Amino acid sequence: RRCATLVRMARAPVLLAGVSVRALAESAARAGAQVTALDAYGDLDLRRIARVVAIPRNASGTFDQMAVARASRDIDATAVSYVSSFENAPEAVELLARGRTLVGNTAAVLRRVRDPLALARALPKLGLYGPLVRASAPLITSARRWLLKPRRSGGGHGIVRWTIGMAVPRTSVVQERIPGPAGSIIFVADGESISPLAITRQLSGDPAFGAGGYAYCGSILEPHRPALFANALELAARVAREFELRGLCGIDFIARGDVPYVIEVNPRPTASMELAERATGVSIWLAHVSGCSGALPPSTLAATGASMLAHGKAVLYARRDVVLGDTTHWLAGDDVRDIPAPGERIARGTPICTIFASGRTSALCYAALVRRARLRFAEVEGRMRRRSA
C-alpha cells in the first residue's frame, strides 16, 4: 500500500522551481510525473519534457525566489519541489508549499542547516571537521588563510579571498580556507537515516570550461576511495540526523587525506545527482519522493564501485558575449543539456550549456570533458568571428 502511495505521489502533477530545474525535471518526467517548471532559463530540452512558465525577475535581472514563489500561486500542482537557490529563502519555500505537498526540506530545516555559523558550531559537537567560520574580520596575527563568502551562498559565486583590511558585510562570513581537493557526498535522507548515492569530485573555477574564481563548473562521479567514503558516509549520517534532513541532499567538503572537512550542506537536489542516475539508472526523482515520504531507497553505491566508469558533467561559461546560432541540432545527442534557444544572447561569464562525458578513470573522463568543451566553444565563438569578419 505504501509503495502504491509513493508511485501516485511521484506521478502527480508537480511544480519544480529553481534557477535550473532541468535535471530533476528529466528524472520526474521519466518517472511519469506531469511537470511544470519555474526556471530561470527555460531551455529547449526542458521545454520538451515540461510546461515551462516564465519567471519574474527583479530590478537587477537576477533570480528572485520570493517573486517566483508568488508567481507559483497561479499554477495548479499537487506537489512542489525546489532546487537551487531556494535553500537560501525559507520564507519563499513556505509560500511555494502552501496548499501543496512539499517534496523537500521544510523552511524550518533550511533556517538551521543553511546558517553557516550554526553549522560550524554543530560540527565539533558531532565529532566532525570543518573550517573556522567568523562573522567579523579575523585577527591580523592569525596565520590562517580566509575566504569572504556570502551567507546565502550558492555554486561558489561571490566567494573571494579575504585579505587584511577587507570589510565583512552582515550578508557575508569569513571562512577558513582549507587546502585540498573538493568533493561532495550525495545521499537520500528520511529525517533520521541516509541512503548514499555517490561521492563526486567537484570542479570549480576551471578555465577549460570558461569558469573563474570559485564558480561551480561540474562534477565527476568516480569509483570511491574506501577510507574517504567511510568517513564521508559517517559525516552525512550525523549531519542528516542532527538537522533532520529529508530527500535528496548533498554535502560539499574538502578532503584532507581521507578526512572530509564540511564546507556547505545543500539540503535539496544538487547539480551532480543526475550523474548517479546516468551511471545506475536509478531515478533521482523517485529517490527524492521516497526520502521525503520516510522510506529510504536502496543505496546505489554497489553500482558505483571499482568497476564503474567515471561519469562527468561540465557547465560551460561564455568566455565573451555571444549570440548563438542554430542550437536545435544539439538536441539530437545525449552529451549536451541545458540547451539555449537559437539566437539567444549569452553574456560573458554566464552559462551556455552543460556537457557530459565518461571514461575508465576520472582523468580520462576529465580529458573527454575538456575535448568536448573545446569543440563547443569553437562552434559558438567561431560563429561570432565569422559575423565580425
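Note that the structure is predicted; figures quoted are calculated from it, not measured.

Would you mind going over the overall build of the protein chain in detail, with residue names and values included?
Looking only at helices and strands, the protein chain features 11 helices and 19 strands. Here the C-alpha radius of gyration of the protein chain, 20 Å, is about what a compact globule of 389 residues would show, namely 21 Å. The C-alpha extent of the protein chain, read off along each of the three principal axes, is 60 × 55 × 50 Å. Counting the 389 residues in the protein chain, one finds 55% classified as buried. For the protein chain, the proportion of contacts with a sequence separation of at least 24, taken over those separated by at least 6, is 62%. Carbon and sulfur atoms form 53% of the exposed surface of the protein chain, whose accessible area is close to 17200 Å². Taken as two groups, the 51 positive and 32 negative side-chain charges of the protein chain have centres that lie 3 Å from each other.

Lay out the packing of aromatic side chains with the relevant residues and their values.
Within a pair of aromatic rings, the relevant descriptors are the distance that separates the centres and the angle that separates the planes. Applying the stated criterion across every chain, the model contains four aromatic pairs. When the centroid spacing of 6.4 Å and the interplanar angle of 55° are considered together, the rings of Tyr82 and Phe86 count as tilted. Here the aromatic rings of Phe209 and Tyr366 are separated by 5.9 Å at their centres, their planes lie at 85°, and the arrangement is edge-to-face. With Phe209 in the loop between β11 (194–204) and β12 (216–221) and Tyr366 in helix α11 (residues 362–388), this residue pair connects regions lying 157 residues apart in the sequence. Taken together through their ring pairs, the aromatic side chains of Phe63, Tyr82 and Phe86 make up a single cluster.

Break down the sheet that holds strand β14 (residues 259–266) for me, with residues and values.
Read from one edge of the open sheet, eight strands run β14-β13-β10-β11-β12-β15-β19-β17, paired in antiparallel fashion. Each having just a single partner strand, β14 and β17 (336–337) make up the two edges of the open sheet. With five bridges connecting them, β11 and β12 associate as antiparallel partners. Residue Ser204 lies in a different strand from β12, and its bridge partner there is Tyr216.

Tell me about the pattern of salt bridges, and name the residues and values.
Counted by the stated rule, this structure contains 18 salt bridges. Taking the shortest distance from any N to any O, the salt bridge between Glu87 and Arg268 comes out at 3.0 Å. Of the two residues, Glu87 sits in the loop between β4 (79–82) and α5 (90–97) while Arg268 sits in the loop between β14 and α9 (273–280), which places them 181 residues apart along the sequence. One exposure class covers both Glu87 and Arg268, and it is buried. For Glu264, the salt bridge goes to Lys149, with nearest N and O atoms at 3.5 Å. In this pair, Glu264 sits in strand β14 while Lys149 sits in strand β7 (residues 146–150), placing the two residues 115 residues apart along the sequence. An identical accessibility class is assigned to Glu264 and Lys149; each is buried. One network of salt bridges, in which partners are shared, links Arg22, Glu26, Glu274, Arg278, Lys313, Asp334, Arg337 and Asp338.

Give me the lowdown on the packing of helix α4 (residues 65–72) against α5, citing residues and values where you can.
Where α4 meets α5, the axes come as close as 8 Å, and the angle between the chain directions of the two elements is 5°. By the angle between their axes, α4 is roughly parallel relative to α5. Touching Gln65, Met66, Ala69, Arg70 and Ser72 of α4 are Glu91, Ala92, Leu95 and Leu96, all from α5. Residues that form the contact of α4 with α5 fall into these classes: five nonpolar, two polar and two charged.

Run through the environment of Cys292, naming residues and quoting values.
Its place among the elements puts Cys292 in helix α10 (residues 284–292). Taking relative accessible area as the criterion, Cys292 reaches 16% and is therefore assigned buried. Sequence separation between Cys292 and Arg246 is 46 residues, and the spatial gap between their C-alpha atoms is 5.1 Å. Discounting chain neighbours no more than four positions away, the residues touching Cys292 are Val103, Gly104, Ala189, Arg246 and Gly247.

Could you give an account of the nonpolar core, naming the residues involved and the relevant values?
In terms of nonpolar packing, the biggest core is built from 33 residues, with Val14, Leu16, Val35, Leu46, Leu248 and Trp285 touching the most fellow members. Contributing elements (two or more residues each) for this core: β1 (13–18), α2 (22–30), β2 (34–39), β10 (182–190), β11, α9 and α10. No other element matches α10, which puts five residues into this core. Once you skip the residues sitting within four places of it in the chain, Trp285 turns out to touch Ala10, Val14, Leu16, Leu24, Ser27, Ala28, Ala31, Ala33, Ser81 and Val103. One finds Phe209, Ala211, Cys353 and Val380 within the second-largest nonpolar core, a separate group that totals 31 residues.

Lay out the state of the cysteines in plain terms, naming residues and giving numbers.
According to the stated counting rule, one finds zero disulfides in the structure shown. Here Cys249 stays free of any disulfide, with the sulfur of Cys292 as its closest cysteine sulfur at 7.8 Å. The thiol of Cys365 is not disulfide-bonded; the next cysteine sulfur, from Cys217, is found 13 Å away.

Which residues make up the pairing of β2, and what values go with them?
Regular strands place side chains that alternate from one sheet face to the opposite one. Most of β2 sits inside the fold, with five of its six residues counted as buried. Pairing analysis gives six bridges linking β1 to β2, with the strands arranged parallel. Across the sheet, the residue bridging to Leu16 is Ala37, located in β2. Relative to strand β3 (residues 51–53), β2 is paired through three bridges, and the arrangement is parallel. Paired with Leu38 across the strands is Val53, a residue of β3.

An account of the side chain of Ser184 is needed here, citing residue identities and associated values.
Assignment of secondary structure puts Ser184 in strand β10. Polar side-chain contacts of Ser184 include one of 2.6 Å to the side chain of Thr200. Excluding residues within four positions of it along the chain, Ser184 makes contact with Ala198, Ile199, Thr200, Gln202, Ile251, Asp252, Phe253 and Ser272.

What counts and how
- Residues numbered from 1 in each chain as written.
- Predicted model: local features only at pLDDT ≥ 70, side-chain atom pairs only at ≥ 80, totals over all residues.
- Heavy atoms only, no water.
- Helix = DSSP H or I, 4+ residues; strand = E, 2+ residues; numbered from the N terminus.
- Rg over C-alpha atoms; globule rule 2.2 N^0.38 Å.
- Buried < 20%, exposed > 50% of the residue type's maximum accessible area, 1.4 Å probe, protein only.
- Contact = heavy atoms within 4.5 Å.
- Areas by Shrake-Rupley, 256 points an atom, 1.4 Å probe, with all protein chains shown as cover.
- Lys, Arg positive; Asp, Glu negative; His and termini not counted.
- Charge placed at Lys NZ, Arg CZ, Asp CG, Glu CD.
- Phe/Tyr/Trp six-rings, centres within 6.5 Å; stacked < 30°, edge-to-face > 60°.
- Pairing = 2+ DSSP bridges.
- Salt bridge = Lys/Arg side-chain N within 4 Å of Asp/Glu carboxyl O.
- Axes fitted to C-alpha atoms, helices over the stretch in contact; angles between N-to-C directions.
- Parallel < 35°, antiparallel > 145°, perpendicular 65-115°, else oblique.
- Nonpolar A, V, L, I, M, F, W, Y, C, P; charged D, E, K, R; others polar.
- Core = buried A, V, L, I, M, F, W, Y, C linked by side-chain atoms within 4.5 Å.
- Disulfide = S-S within 2.5 Å.
- Polar contact = N/O pair within 3.5 Å; in protein donor to acceptor, adjacent residues only side chain to side chain.

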